[in-house]
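Secondary and tertiary structure notes
Read off the chains here:
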Amino acid sequence: MIDNTNYIKNAQKAANDGMETFLNWGQAAIDNTFSMYEQGIAAQESNIAEARKQFQELESNLTQKWNNQKEQFKSMTMELSEAYWPESKQLMEKAEKLYQDNINEMVNKNREMLEKNIDSSVENTLEIEKKWVSQLRENYASGSENLRKQFDELVSQAAESTTAKK
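Residues numbered from 1 in each chain as written. Predicted model: local features only at pLDDT ≥ 70, side-chain atom pairs only at ≥ 80, totals over all residues. Heavy atoms only, no water.

**Quick notes on the overall build of the chain**
Summing up its helical and strand segments, the chain has two helices and zero strands in all. For 166 residues, the compact-globule estimate of 2.2 N^0.38 gives 15 Å, and the C-alpha radius of gyration of the chain, at 36 Å, exceeds that figure by more than 25%. Split into buried and exposed, the 166 residues of the chain put 9% on the buried side. Taking as baseline every contact in the chain between residues at least 6 positions apart, the subset at least 24 positions apart corresponds to 86%. (Helix = DSSP H or I, 4+ residues; strand = E, 2+ residues; numbered from the N terminus. Rg over C-alpha atoms; globule rule 2.2 N^0.38 Å. Buried < 20%, exposed > 50% of the residue type's maximum accessible area, 1.4 Å probe, protein only. Contact = heavy atoms within 4.5 Å.)

Here it is in structure tokens:
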């Protein structure tokens, strides 16, 4: 005949070992999942910084080319204009100064403001995502710990119940 005490102890041990394995696996899965997610956020930040750098280099190159072409066009226009109308150089310089003082400055300020808004929006989104992931990780870890405590309490109560029956 099978000894019930040994059977119960073995069953409890098997259940305890199985639950322990399950809880450890769950904790490892949570850690691994959130670790990968956090690495993804870090990669996003790195990619954004690299994209910003490349964009600034491109913008600088294009601005330089644009300024070179603008100077060539201005020079040709001035020569042609002065050939027919000697006072035109002064009028062109006044028009260019007016443009630079008003329109060019406004365009630059609007571009800077837009870039800052985009940067700020992206940074805020990533910060919110980081906080969300951190809180979610905390919640999962807390839930896992609570599950472990409940299981330990259940095993403890089962052991007390078994001992009391003897």
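**Some points on the nonpolar core**
Ile30, Phe34, Ile41, Leu126 and Val133 form the largest nonpolar core, which has five residues in total. Residue contributions to this core peak at three residues, all from helix H1 (residues 4-84). In contact with Val133, not counting residues within four places along its chain, are Phe34, Tyr37, Glu38 and Ile41. (Core = buried A, V, L, I, M, F, W, Y, C linked by side-chain atoms within 4.5 Å.)

**Section: the pattern of salt bridges**
If you walk through the whole model with that rule in mind, you get 11 salt bridges. A salt bridge links Lys13 to Asp17; the nearest nitrogen and oxygen atoms lie 2.9 Å apart. On the criterion of helical spacing, the pair formed by Lys13 and Asp17 is a turn pair, its members being four residues apart in helix H1. In this structure, the salt-bridge partner of Glu115 is Arg111, at a minimum N-O distance of 3.5 Å. You can see Glu115 and its partner Arg111 sitting in helix H2 (residues 88-165), four residues apart, about one turn around the helix. On the accessibility criterion, Glu115 (26% relative accessible area) is partly exposed. (Salt bridge = Lys/Arg side-chain N within 4 Å of Asp/Glu carboxyl O.)

**A look at the environment of Lys9**
Inspection of the secondary structure assignment puts Lys9 in helix H1. The partly exposed category is assigned to Lys9, whose relative accessible area is 48%. Expressed as a C-alpha distance, the spacing of Lys9 and Ala159, which sit 150 residues apart in the sequence, is 8.8 Å.

**Thoughts on the packing of aromatic side chains**
Per the counting criterion, the structure on display carries three aromatic pairs. A centroid spacing of 5.7 Å and a plane angle of 50° characterise the contact between Phe34 and Tyr140, whose relative ring orientation is tilted. Of this pair, Phe34 sits in helix H1 while Tyr140 sits in helix H2, placing them 106 residues apart in sequence. (Phe/Tyr/Trp six-rings, centres within 6.5 Å; stacked < 30°, edge-to-face > 60°.)

From the geometry alone we can't say anything about function, so treat these as descriptive.
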